[in-house]
Amino acid sequence: MSEKKIENRKSKIEDRRDFFEITTDALDAGAIARRVVPKTCGAIVTLDGFVRQFTKKRETLYLEYEAYEPMALKEMEKLIAQAYEQFEIANVGVVHRLGKMEIGETSVVISVAAPHRRSAFEACEWLIKELKRTVPIWKKEVYRDGETWIEGESQFAVN
Amino acid sequence: MKVQVLFFGATAEATGKREIEVNMENGAKTGDVFQRVIANFPQLQKHTLLFALNQEYSKGNETIKNGDELAIFTAVSGG
């Protein structure tokens, strides 16, 4: 990575243009996406992740999310830094909601602004994939006939 | 020397605890703490576990200090 890129990335975070947050409030994906609209950008790609009713044929009634909050925020910040190393992007926002969420409610929003759309799509896909792998947040699925904490897949597993 | 061990989600449910305090000898490694906790809560063994030391993923080979914050949790499932 060039020194210039490191400087750019640093200044963005100091300017608080990037954001990464955890909240129990309802999420408005459109509003989150438009919190930052850089003048040099032509596209924002936003992931609006929401609670799915049917997984295969099993019906979910609602979800409950919890997090190891201080570590989750640190991991989100790391992901944003890593995204800048790989993609030509200008701004990233990541917001994850915790607590009980009904079907269709938004649990996570990832918004990436870039001069050109392709980098924004690629970075957004990379960010959600990594978030699901590394950020310490867990969901409990509550079904009509039981409930279970979902356990993901992770390269950090050591046993 | 005392360290704190936190549980979340499935590990909190399995142990019935959110946090415990563990007494360790000087020079102990993170892996020693995790092994002791798993020995005390064998129900954790059926899960794939991840470990953290002071809010960073742990490989189990770090030397712990008094007051460290450790955590034991299952593979993450946010999003």
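Residues numbered from 1 in each chain as written. Chains lettered and ligands numbered in written order. Predicted model: local features only at pLDDT ≥ 70, side-chain atom pairs only at ≥ 80, totals over all residues. Heavy atoms only, no water.

We now examine the pattern of salt bridges. Between side chains of opposite charge, pairing is possible as soon as their charged atoms come close. Residues and elements named next belong to chain A. Counted by the stated rule, this structure contains 15 salt bridges over all chains. In this structure, Glu 21 and Arg 35 form a salt bridge, with 2.8 Å as the shortest nitrogen-oxygen distance. Note that Glu 21 is positioned in strand 1 (residues 19-23) and Arg 35 in the loop between helix 2 (29-33) and strand 2 (43-50), a separation of 14 residues in sequence. Since its relative accessible area comes to 29%, Glu 21 is described here as partly exposed. For Arg 35, a relative accessible area of 44% corresponds to the partly exposed category. The closest approach of N and O atoms between Glu 147 and Lys 140, which form a salt bridge, is 3.1 Å. By relative accessible area, Glu 147 is classed as partly exposed at 46%. When salt bridges that share partners are traced, they join Glu 64, Lys 140 and Glu 147 into one network. (Salt bridge = Lys/Arg side-chain N within 4 Å of Asp/Glu carboxyl O. Helix = DSSP H or I, 4+ residues; strand = E, 2+ residues; numbered from the N terminus. Buried < 20%, exposed > 50% of the residue type's maximum accessible area, 1.4 Å probe, protein only.)

So, about the packing of aromatic side chains. This structure, assessed with the given rule, holds nine aromatic pairs over all chains. One aromatic cluster is present, formed by Tyr 68 and Trp 138 of chain A together with Phe 8, Tyr 57 and Phe 73 of chain B through successive ring pairs. Directly above the aromatic system of Phe 19 of chain A lies the positively charged group of Arg 35 of chain A, at a separation of 3.7 Å from the ring centroid. One cation-aromatic arrangement involves Lys 100 of chain A over Tyr 62 of chain A; the distance from NZ or CZ to the ring centre is 4.1 Å. (Phe/Tyr/Trp six-rings, centres within 6.5 Å; stacked < 30°, edge-to-face > 60°. Lys NZ or Arg CZ within 6 Å of the ring centre and 35° of its normal.)

Unlike most non-glycine residues, Lys 56 of chain A shows phi in positive territory, near 55°. Topologically, Lys 56 of chain A is positioned in the loop between strand 3 (54-55) and strand 4 (58-67). Judged by relative accessible area, Lys 56 of chain A falls into the exposed class, the value being 82%. Positive phi, close to 70°, is recorded for Gln 55 of chain B, a residue that is not glycine. Among the secondary structure elements, Gln 55 of chain B is positioned in the loop between strand 3 (49-53) and strand 4 (56-57).

Before going further, it helps to spend a moment on the sheet that holds strand 2 (residues 19-23) of chain B. Residue and element names in this part refer to chain B. Taken in spatial order, the five strands line up as 2-1-5-3-4 in an open sheet, and their pairing is mixed. On the outer flanks of this sheet lie strand 2 and strand 4, each paired with one strand and no other. Strand direction decides the pairing type here: strand 1 (residues 2-7) and strand 2, joined by five bridges, are antiparallel. Each bridged residue has a counterpart across the sheet, and for Lys 2 the counterpart in strand 2 is Asn 23. Lying on the sheet, helix 2 (residues 30-40) is in contact with strand 1, strand 2, strand 3 and strand 5 (69-74); it crosses strand 5 at an angle near 55°. (Pairing = 2+ DSSP bridges. Contact = heavy atoms within 4.5 Å. Axes fitted to C-alpha atoms, helices over the stretch in contact; angles between N-to-C directions.)

Our next topic: the environment of Val 108 of chain A. Position of Val 108 of chain A relative to the elements: it lies in strand 7 (residues 106-114). Along the chain, Val 108 of chain A and His 96 of chain A lie 12 residues apart, while their C-alpha atoms are 4.4 Å from each other. Leave out the neighbours within four places in its chain, and Val 108 of chain A touches Leu 27, Leu 47, Asp 48, Gly 49, Val 95, His 96, Ile 128 and Leu 131 of chain A together with Gly 79 of chain B.

All names here are of chain A. Strand order in this open sheet of four strands is 1-5-7-2, and the pairing throughout is mixed. This sheet does not close on itself; its edge strands, each paired only once, are strand 1 and strand 2. Ignoring strand direction, the axes of neighbouring strands in this sheet form an average angle of 5°. By the bridge criterion, six bridges tie strand 5 (residues 91-97) to strand 7 in an arrangement that is antiparallel. Across the sheet, residue Val 95 finds its bridge partner in strand 7, namely Val 109. Contacts from helix 3 (residues 69-86) reach strand 1 and strand 5 within the one sheet, and its direction differs from that of strand 1 by about 155°.

Just distances and angles here, no functional claims.
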